[in-house]
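The lines below spell out each chain.
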Amino acid sequence: MTDSSLFPFSTHLSAVPPTPGQGECTLVGAGPGDPDLLTIAAVKALQRATVLLVDDLVNDAVLQWAPASARIVHVGKRGGCQSTPQAFIQRLMLQEVQAGENVVRLKGGDPFIFGRGGEEVEFLRGHGIEPRIINGITAGLAALTGLGAPLTHRDHARGVIFITGHAKPGGEGPDWAQLASTAHSARLTLVIYMGVASAEAISEGLLSGLPADTPVAIVQHASLPQQRHAITDLAQLPATMAREQLASPSIIVVGDVVHCVALAAQAVRGDEPTGGRDFSEICGYDSHSAVESRTLIA
């Protein structure tokens, strides 16, 4: 029974000395899904693990690197679905480390980008345990680059903002109007995690500060064989997602760099070099026909 009431605790605990003979804990980013995108450090950590606490979005193929003797505990956490309480996961991490185990907390993407890694580190430190962090490739990076387009470009996108479209229960969501104004004036790419359920509100808010024809990419299951994506514009975002049945987990990318998806596809087809044509002319796209089941650029 995974009930957080079984493990009452305060998140504001003072640090205590480590217990002699206790184990260790490593927070490992498993990347966006493709097991080939694991880092060498992640593989080494998996090979040393005696207990693995695995998030729901981690590809089972990643577990091939764990020893056959390792105990694997699935602690699913996924937006919109029944999830293992965070308090239970943290107490389980602590319990296994104190029992002398080499614990790997395996998370999809990167532990410190919308992975609650910060909460878990604070909890462990409060109990005298200093965890190791191994970064992973976050889905927000893999989604667009998997289509052959950059998130930043010296001429067309001076920076990138990673933001969640999912508000904490009882909390306020992002100020999309303010974000739109900032992105427009500073020429930034917006990468939105967990935005499927709020796509209509996101589109409406961003339209207050960004042009209706701002290009948008929606990428579902980034880096996996079942990846699907659609290219559209900001005004058509909710309708496109509904028509193409793009659901969670999906990344939404907003900004001019999305035009480069068409440019990448053009290069793969072996079309003529672009020469001196304007960026927008080179990367023009048809928002109603640029939907493919999978596009990976070698």
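Residues numbered from 1 in each chain as written. Predicted model: local features only at pLDDT ≥ 70, side-chain atom pairs only at ≥ 80, totals over all residues. Heavy atoms only, no water.

Caption draft 1: Local environment of the overall build of the chain. Scanning the chain for helices and strands turns up 9 helices and 10 strands. Taking the intrachain contacts of the chain between residues at least 6 apart in sequence as the baseline, contacts between residues at least 24 apart amount to 70%. Element-wise, carbon and sulfur atoms account for 52% of the exposed surface of the chain, whose accessible area totals about 14,500 Å². (Helix = DSSP H or I, 4+ residues; strand = E, 2+ residues; numbered from the N terminus. Contact = heavy atoms within 4.5 Å. Areas by Shrake-Rupley, 256 points an atom, 1.4 Å probe, with all protein chains shown as cover.)

Caption draft 2: Representation of helix H7 (residues 237–244). Taken as a whole, H7 has its buried residues at Leu237, Thr240, Met241 and Glu244. Seen along its axis, H7 keeps its buried residues to an arc of 95°; they face one direction. Buried residues along H7 sit against helix H6 (199–206), strand E8 (215–220), strand E9 (228–233) and strand E10 (250–254). At the exit of H7 stands Gln245, carrying a positive phi of roughly 55°. (Buried < 20%, exposed > 50% of the residue type's maximum accessible area, 1.4 Å probe, protein only. Arc of directions from axis to C-beta.)

Caption draft 3: Layout of helix H1 (residues 40–48). Burial in H1 covers these residues: Ala42, Val43, Ala45 and Leu46. For H1, the angular spread of the buried residues around the axis is 160°, confining them to a single face. Each element contacted by the buried residues of H1 is listed here: strand E1 (24–29), strand E2 (51–54), strand E4 (102–107) and strand E5 (132–134).

Caption draft 4: Seen up close, the nonpolar core. Trp176, Ile192, Leu206, Val216, Ile218, Ile252 and Val254 are the most contacted members of the largest nonpolar core, which totals 21 residues. If you list the elements that add at least two residues to this core, you get helix H5 (176–186), strand E7 (188–193), H6, E8, H7 and E10. Element by element, the count of residues in this core is highest for H5, at 4 residues. With residues near it in sequence (within four places) discarded, Ile192 still touches Ile163, Gly165, Trp176, Ile202, Leu206, Ser250, Ile251, Ile252 and Val254. (Core = buried A, V, L, I, M, F, W, Y, C linked by side-chain atoms within 4.5 Å.)

Caption draft 5: Up close: the pairing of E10. Among the 5 residues in E10, 5 count as buried, and that is most of the element. Side chains of E10 alternate between two faces, with Ser250, Ile252 and Val254 and Ile251 and Val253 buried alike. Bridge count for E7 against E10 is 3 bridges, and the pairing is antiparallel. Note that in E10 the partner of Val191 across the bridge is Val253. As paired elements, E8 and E10 share 5 bridges and run antiparallel to each other. Counterpart to Ile218 in the pairing with E10 is Ile252. (Pairing = 2+ DSSP bridges.)

Caption draft 6: A look at the sheet that holds strand E3 (residues 71–74). Read from one edge of the open sheet, 5 strands run E3-E2-E4-E1-E5, paired in parallel fashion. Each having just a single partner strand, E3 and E5 make up the two edges of the open sheet. The average undirected angle you get between the axes of adjacent strands in this sheet is 20°. With 3 bridges joining them, E1 and E5 adopt parallel strand pairing. Opposite Thr26, over in E5, you have Arg132 as the bridge partner. (Axes fitted to C-alpha atoms, helices over the stretch in contact; angles between N-to-C directions.)

Caption draft 7: Layout of unusual backbone geometry. With omega at -5°, the peptide bond leading from Ser248 into Pro249 counts as cis. Tracing the backbone through its elements, the reader meets Pro249 in the loop between H7 and E10. At Arg116, a residue that is not glycine, the phi angle is positive and equals roughly 60°. Turning to its location among the elements, Arg116 is positioned in the loop between E4 and helix H3 (117–125). Phi at Ser223 takes a positive value of approximately 80°, unusual for a residue other than glycine. For Ser223, the position within the fold is in the loop between E8 and E9.

Caption draft 8: Quick peek at the sheet that holds E10. Reading across from one edge, E6-E7-E10-E8-E9 is the order of the 5 strands in this open sheet, with mixed pairing throughout. Each end of this open sheet is capped by a strand with a single partner; those strands are strand E6 (159–164) and E9. Pairs of neighbouring strands in the sheet enclose a mean axial angle of 15°, with direction left out of account. Strand contacts of H5: E6 and E7, with the helix running at about 145° to E7, the strand carrying the most contacts. Here H7 sits on the sheet in contact with E8, E9 and E10, set at roughly 150° to E9.

Caption draft 9: Spotlight on the packing of aromatic side chains. Within the structure shown, the criterion is met by 2 aromatic pairs. A ring pair is formed by Phe114 and Tyr193, whose centres lie 4.8 Å apart and whose planes are at 55°; its orientation type is tilted. Remark: Tyr193 occurs in strand E7 and Phe114 occurs in the loop between E4 and H3; sequence separation between them is 79 residues. Measuring from centroid to centroid gives 6.0 Å for Phe162 and Tyr193, while their planes differ by 70°, and the two rings are edge-to-face. (Phe/Tyr/Trp six-rings, centres within 6.5 Å; stacked < 30°, edge-to-face > 60°.)

Caption draft 10: Fine view of the side chain of Asp55. By secondary structure assignment, the location of Asp55 is in the loop between E2 and E3. Of the polar contacts made by the side chain of Asp55, one reaches the side chain of Arg105; its length is 2.9 Å. (Polar contact = N/O pair within 3.5 Å; in protein donor to acceptor, adjacent residues only side chain to side chain.)

All we've got here are geometric facts, nothing functional implied.
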